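Observations on chain architecture
One letter stands for each residue in the lines below.
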Number of protein chains: 2
Amino acid sequence: MRDEFYMQLALDKAWEYQGLTYPNPAVGAVVTLNDNILAIEAHQKAGTSHAEVLALLSAYETLSNTSIDFDPQDAQKAHAFLLALPKDFFTQCTIYVTLEPCSHEGKTPSCASLLQSLTLCKVVIGIRDPIEGHDGGIQKLANASIGVLEEECQALIEPFLIWQTRAFVLFKLAQTTNGRIGGGYLSSKASLTHVHQLREVCDTLLIGGNTVREDRPTLDCRFIEAQAPNVKIYAKEDNFDRDIPLFRIENRDVEIINRLDFLDEPSFVLVEGGEGMLNALKEKIDWMLIYQTPKLSTNNLTYNTTMNLHFLHQSKKDIDLMIWSKQIGH
Amino acid sequence: MRDEFYMQLALDKAWEYQGLTYPNPAVGAVVTLNDNILAIEAHQKAGTSHAEVLALLSAYETLSNTSIDFDPQDAQKAHAFLLALPKDFFTQCTIYVTLEPCSHEGKTPSCASLLQSLTLCKVVIGIRDPIEGHDGGIQKLANASIGVLEEECQALIEPFLIWQTRAFVLFKLAQTTNGRIGGGYLSSKASLTHVHQLREVCDTLLIGGNTVREDRPTLDCRFIEAQAPNVKIYAKEDNFDRDIPLFRIENRDVEIINRLDFLDEPSFVLVEGGEGMLNALKEKIDWMLIYQTPKLSTNNLTYNTTMNLHFLHQSKKDIDLMIWSKQIGH
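Source: prediction; values computed, not measured. (Residues numbered from 1 in each chain as written. Chains lettered and ligands numbered in written order. Predicted model: local features only at pLDDT ≥ 70, side-chain atom pairs only at ≥ 80, totals over all residues. Heavy atoms only, no water.)

**Examining the pattern of salt bridges**
All names here are of chain A. In total, this model carries 26 salt bridges over all chains according to the counting rule given. Here R166 ties to D286 by a salt bridge, and the two come within 3.0 Å at their closest N and O atoms. With R166 in the loop between α6 (158-162) and β6 (167-176) and D286 in the loop between α9 (275-281) and β11 (287-293), this pair connects stretches of sequence that are 120 residues apart. The class of R166 is partly exposed, set by a relative accessible area of 33%. Residue classification places D286 among the buried residues on the basis of a relative accessible area of 8%. Where R199 meets E272, a salt bridge forms, and the shortest distance between an N and an O atom there is 2.7 Å. Taken together, the residues R199 in helix α7 (residues 189-201) and E272 in strand β10 (residues 267-272) connect sequence positions 73 residues apart. (Salt bridge = Lys/Arg side-chain N within 4 Å of Asp/Glu carboxyl O. Helix = DSSP H or I, 4+ residues; strand = E, 2+ residues; numbered from the N terminus. Buried < 20%, exposed > 50% of the residue type's maximum accessible area, 1.4 Å probe, protein only.)

**Brief notes about the pairing of strand β1 (residues 28-33) of chain B**
Residues and elements named next belong to chain B. Most of β1 sits out of view: five of its six residues are buried. Sheet topology note: the β1/strand β2 (residues 36-42) ladder contains six bridges and is antiparallel. Its bridge partner lying in β2, L33 is registered against N36. If you look at the hairpin formed by β1 and β2, you'll find two residues sitting between the two strands, and N34 has a positive phi there, around 50°. Here five bridges tie β1 to strand β3 (residues 93-99), and the two strands are oriented antiparallel to one another. What sits directly across from L33, in β3, is C93. (Pairing = 2+ DSSP bridges.)

**A look at the side chain of S188 of chain A**
Residues and elements named next belong to chain A. Turning to its location among the elements, S188 is positioned in the loop between β6 and α7. The class for S188 is buried, based on a relative accessible area of 7%. When sequence neighbours within four positions are dropped, the list of residues in contact with S188 reads K317, D318, I319 and D320. (Contact = heavy atoms within 4.5 Å.)

**Structural notes on the packing of helix α2 (residues 51-64) of chain A against helix α4 (residues 111-118) of chain A**
Residue and element names in this part refer to chain A. α4 packs onto α2 with a crossing angle of 35° between their chain directions and a minimal axis gap of 9 Å. Between α2 and α4, the contacting residues are E52, V53 and L56 on the first element and C111, L114, L115 and L118 on the second. By residue class, the composition of the contact of α2 with α4 is six nonpolar, no polar and one charged. (Axes fitted to C-alpha atoms, helices over the stretch in contact; angles between N-to-C directions. Nonpolar A, V, L, I, M, F, W, Y, C, P; charged D, E, K, R; others polar.)

**Some words on helix α7 (residues 189-201) of chain B**
All names here are of chain B. An ideal rise of 1.5 Å per residue puts 18 Å on 13 residues; α7 measures up with 19 Å between its terminal C-alpha atoms. For α7, the set of buried residues is S191, L192, H194, V195, H196, L198, R199 and V201. Buried-residue contacts for α7 involve β6 (167-176), β7 (204-208), β10 (267-272), β11 (287-293), β13 (307-317) and β14 (320-328). (Expected span 1.5 Å × (residues − 1).)

**Thoughts on the packing of aromatic side chains**
Under the criterion given, the structure shown has 32 aromatic pairs over all chains. With a centroid separation of 5.0 Å and 40° between ring planes, the pair formed by Y6 of chain B and Y96 of chain B is classed as tilted. With a gap of 90 residues between them, Y6 of chain B in helix α1 (residues 2-15) and Y96 of chain B in strand β3 connect regions that are remote in the sequence. Assessed through its relative accessible area of 3%, Y96 of chain B is described here as buried. On the basis of an interplanar angle of 80° and a centroid distance of 5.0 Å, the ring pair of Y60 of chain B and F81 of chain B is categorised as edge-to-face. A residue pair is termed long-range when its members are at least 10 positions apart, and Y60 of chain B in helix α2 (residues 51-64) and F81 of chain B in helix α3 (residues 75-83) qualify at 21 residues. Classification of Y60 of chain B as buried rests on a relative accessible area of 14%. Residue classification places F81 of chain B among the partly exposed positions, given a relative accessible area of 23%. Grouped by ring-pair contacts, the aromatic residues W15, Y22, W163, F168, F268, W287 and W324 of chain A constitute a single cluster. (Phe/Tyr/Trp six-rings, centres within 6.5 Å; stacked < 30°, edge-to-face > 60°.)

**Description of the interface of chain B and chain A**
How big an interface is tends to be expressed through the accessible area that disappears when the partners come together. Between chain B and chain A, the contact holds 40 residues from the first and 40 residues from the second. Where chain B packs against chain A, one counts zero salt bridges. At the boundary of chain B and chain A, one finds 23 residue pairs in polar contact (both at pLDDT 80 or more). Only α1, β2, β11, β12 (295-296), β13 and β14 of chain B provide two or more residues apiece to the side of chain B that touches chain A. Grouping the constituent residues of the side of chain B that touches chain A by class yields 16 nonpolar, 18 polar and six charged. Summarising the sheet, strand β13 (residues 307-317) of chain A and β12 of chain B pair through two bridges and their orientation is antiparallel. In the sheet register, N308 of chain A faces β12 of chain B, and the bridge partner there is K295 of chain B. (Polar contact = N/O pair within 3.5 Å; in protein donor to acceptor, adjacent residues only side chain to side chain.)

**Section: the relation of the copies chain B and chain A**
With an RMSD of 0.0 Å, the fit of chain B onto chain A corresponds to turning through 180° and sliding 0.0 Å along the axis. Both copies are brought into coincidence by an operation consistent with a two-fold rotation axis. The C-alpha atom lying nearest the rotation axis in chain B is that of G179 of chain B; the distance is 2.2 Å. By residue overlap, the copies meet face to face through one surface: 100% of the interface positions of chain B are interface positions in chain A. (Least-squares fit on C-alpha atoms with pLDDT ≥ 70 in both.)

**Observations regarding the sheet that holds β1 of chain B**
Residues and elements named next belong to chain B. In space, the five strands of this open sheet follow the order β2-β1-β3-β4-β5, with mixed pairing throughout. Each edge of the sheet is formed by a strand with only one pairing partner; in this case those strands are β2 and β5 (144-146). If you compare each strand with its neighbour and ignore which way they point, the axes differ by 15° on average.

**Observations regarding the sheet that holds β10 of chain A**
In a beta sheet, neighbouring strands are held together by backbone hydrogen bonds and run either parallel or antiparallel to one another. Here nine strands make up an open sheet; going across it, the order is β9(A)-β8(A)-β7(A)-β10(A)-β6(A)-β11(A)-β14(A)-β13(A)-β12(B) and the pairing mixed. Looking at which strands have only one partner, the edges of the open sheet turn out to be β9 (254-257) of chain A together with β12 of chain B. Across nine bridges, β13 of chain A lies against strand β14 (residues 320-328) of chain A in antiparallel orientation. Looking at the pairing, H313 of chain A lines up with W324 of chain A of β14 of chain A.

**Description of the nonpolar core**
Residues V31, L56, L82, F90, L170, I233 and F268 of chain B are the most contacted members of the largest nonpolar core, which totals 86 residues. In this structure V31 of chain B touches N36, I37, L38, A39, A55, L56, A59, C93, T94 and I95 of chain B, once residues within four positions along its chain are discounted. (Core = buried A, V, L, I, M, F, W, Y, C linked by side-chain atoms within 4.5 Å.)

**A look at the confidence of the model for chain A**
Confidence in the prediction of chain A, expressed as mean pLDDT, is 95, and 100% of residues score 70 or more. Overall fold confidence for the complex sits at a pTM of 0.95, while the interface term, ipTM, reaches 0.94. (pLDDT = per-residue confidence, 0-100.)

**Notes on the packing of α2 of chain A against helix α3 (residues 75-83) of chain A**
Between two packed helices, the angle of one axis relative to the other and the distance separating the axes together describe the packing. All names here are of chain A. Here α2 crosses α3 at 50°, and the two axes come no closer than 10 Å. One element, α2, and the other, α3, form an angle in the oblique class. For the pair α2 and α3, the crossing hand works out as left-handed. In this structure, α2 contributes V53, L56, L57 and Y60 to the contact, and α3 contributes A78, H79, F81 and L82. Taken together, the residues of the contact of α2 with α3 sort by class into seven nonpolar, one polar and no charged. (Parallel < 35°, antiparallel > 145°, perpendicular 65-115°, else oblique. Left-handed = near helix turned anticlockwise from the far one by under 90°.)

Right, dumping it as structure tokens:
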């Protein structure tokens, strides 16, 4: 029960960065000392510190009551710092991590080797790393156990597993609580910012021709001042007015496509659209991300389709509800 | 931060029994020892043990590694048991409680007096009890502090505050994720069971004439084998077929009404209906309770209305999402 409680905290934290860690998996970690929670952290962005490292740095700050003087997201510095601590610094601590610590040296040093050197009292792992060559971290760890909230830890990394072999297709939708999708911006600033973060990390933003013609969107990442994503417009014909803002952004590719073969390639594809795209893409949609605004509306734009979902995670995004779900039974 | 973390756990637990504690407020409590969580409990039903008592009993079981041999919901026995423990049993413990412990002796002994006798190390309280005569609990407690997650603790007891002076009107709706409300039972067994629990405790189940005519519902509490609620049918005319199941349940009052004056009386009124009732009752609705099923549907029954909501709490109910919200700005 206790292990599950801490693992759930690690999971909830990891969900905050779901998708944003692409091409890495979302991972969360919690550090405790005598059942005292010292740190709850998650991996945030590929190329930066892993969840375990961030949690250990945060636990260090809590235990020493001091602040580190470097960027905790700098994995090289973070590993070096942690390895230079007195050998027994974390020996009474337990770390909970949703995914087996990485055994290989990539853009960042190996977390399994780090944990081995720090000799924590206990390492509790959600699930084994399913990627050959990434697994084996647990063999380095004498006090490691595996298998807590396995189903939840597995769901957390499903996008990661999918984008190993083909496109992970995330369909994003903003709606009122009674399912209306029209009437201007529906979402809170926090939700819109989150969409821009997803746009920044995805390989392709896929959108339907009708949306481009009717809404004339920009589809950039201005709320986070990041590079706009490459766009593919799924349409039968290329008859688009090139004055539509999305065509006029520098350093972005816009392609008009009438086939979906590109979804066979490993990638992260974010889809934004309404009923038309939902029906056109139906067979290809892996997950839905719904920003549900706390409002009932008489706007008549809705979406009419059938799909069976499984709710994976829900949390508040400012005043909105952010609901992650996966399509099942298709 | 730490106080807020434990208070949030107490809040989440209390929300599991929102409405079901009528006429009492929903209250949650957490007991810790050196930041070790010993117990997370909530008040479940009027006339049974309060949240603090259940949390202390559960903490006792954790600390002593034994089980109590009486019904923990029996408040008299529970108080007597806790008062008979060695005087220093809980002196290192902290209790977090969302609402000021009651100072008066009602159906159950005073929790403030109990905590005073047990001399806990710290009593952390969300908000003061707003009811005159119920407050003052904190004065008995030397080590008590007040004011953690006040807004959230206040939202938790809003129904309780409303039903002191007039009817608290909770509108219940079951819908697909795209806002469709037709097509047979939409909710999981767990959600349906929860509706039956709410029906059992409410004073009145209010329903529209059209729903009675068209759906011919039973509106009982068969999933929990409890007494069916009294029903008021809001309709212009009494032209109902008395063979409709809801009329044929023993020991239940069914009244056909064309006015809503009864909402001026302190009570708990659960409303079940669709678009018609939502629009007819609009000005009177305090909270919405939406059971959202993980499904997109092409069923054409939806609900067309405008309302601004504020999401209060969301959790899974088996496969469904259960979303509590309040109407704002009306």
